[in-house]
Amino acid sequence: MADEQVQDKVQKKSHMKLFIIIGVAVAVAVGASVGIMIFMNGNKDTAHKKEKPNAEATVVQPFDPFIVNIYDGQELRYLKLRVEMEISGEEAKTELTSRQAQIRDAILVILTTKTLQDVQYLQGKNQLKQEIMAAVTKIVTPGKVKQIFFTDFVVQ
């Protein structure tokens, strides 16, 4: 019986060693895979940068906040909206700055036609972004404004 206990301990130790060896092997394999992926991904990023040396950097142009009255079906509420636009480079920034009054007017006209139900949910906010983009594209050269961002959106 003592021999069986000794054999059981030896087998448990050998199983433990086997689990440790397998664990170390798996850890090394995972580490190597992650290292290779990071290395390969880093090379793609530098390759992309080398392929597009003439690509214009985008700039985010902030606007002063817009504050308008909107109707919720029972009473008037306030909508405070801060808009920023991703534009294509310094030339677009100059054009946006020189036409800022027209752009603000167009956005204000759009905002004052909205109700609380129009802007309350994500779909309405996305629709509002599209309407603002269409209005801005009529004012500035098409393609200059890449994206519209709402950085502050408060209804009270």
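A.B. asks: I tried to follow the pairing of strand 3 (residues 76-88) on my own but got confused; where do I start?
C.D. replies: For a regular strand, the rule is simple: side chains alternate between the two faces of the sheet. As paired strands, strand 1 (residues 58-62) and strand 3 are joined by five bridges and run antiparallel to one another. Residue pairing for strand 3: V60 is matched across the bridge by E86. Relative to strand 3, strand 2 (residues 66-71) runs antiparallel, the two being bridged by six bridges. Across the sheet, N69 pairs through a bridge with Y78, a residue of strand 3. Once strand 2 ends, the chain turns through four residues before running back antiparallel as strand 3, passing G73 with a positive phi of about 100°. Pairing geometry for strand 3 and strand 4 (residues 145-155), over nine bridges, is antiparallel. Bridge assignment links I87 to a residue of strand 4, and that residue is V145.

A.B. asks: Just checking my understanding: could you explain helix 3 (residues 100-112) for this structure?
C.D. replies: Every α-helix carries 3.6 residues per turn, so stepping three or four residues along brings you back to the same face. The end-to-end C-alpha distance of helix 3 is 18 Å, a good match for the 18 Å that 13 residues give at a rise of 1.5 Å each. Taken together, the buried positions of helix 3 are occupied by I103, A106, I107, I110 and L111. Projected onto a plane normal to the axis of helix 3, the buried residues spread over an arc of 135° and lie on a single side. At its buried positions, helix 3 is contacted by strand 2, strand 3, helix 2 (89-98) and helix 5 (122-139).

A.B. asks: Please explain helix 2 as it appears in this structure.
C.D. replies: All of the buried residues in helix 2 are G89, A92, E95 and L96. In a view along the axis of helix 2, the buried residues occupy a sector of 100°, so they form one face of it. Away from the buried face of helix 2 by more than 90 degrees, exposed residues E90, E91, T94 and S98 are located. Among the structural elements, strand 1, strand 3, helix 3, helix 5 and strand 4 are those in contact with the buried residues of helix 2.

A.B. asks: Hey, could you run me through the packing of aromatic side chains in this one?
C.D. replies: For any pair of aromatic rings, geometry is given as the distance between the ring centres together with the angle between the planes. Per the counting criterion, the structure on display carries one aromatic pair. Plain terms: the ring middles of F150 and F153 are 5.7 Å apart, the flat faces sit at 40° to each other, and that makes the pair tilted. Judged by relative accessible area, which is 18%, F150 ranks as buried. Sitting over the ring of F66, R104 keeps its end group 4.2 Å from the ring centre.

The rules behind each value
- Residues numbered from 1 in each chain as written.
- Predicted model: local features only at pLDDT ≥ 70, side-chain atom pairs only at ≥ 80, totals over all residues.
- Heavy atoms only, no water.
- Pairing = 2+ DSSP bridges.
- Helix = DSSP H or I, 4+ residues; strand = E, 2+ residues; numbered from the N terminus.
- Expected span 1.5 Å × (residues − 1).
- Buried < 20%, exposed > 50% of the residue type's maximum accessible area, 1.4 Å probe, protein only.
- Arc of directions from axis to C-beta.
- Contact = heavy atoms within 4.5 Å.
- Phe/Tyr/Trp six-rings, centres within 6.5 Å; stacked < 30°, edge-to-face > 60°.
- Lys NZ or Arg CZ within 6 Å of the ring centre and 35° of its normal.

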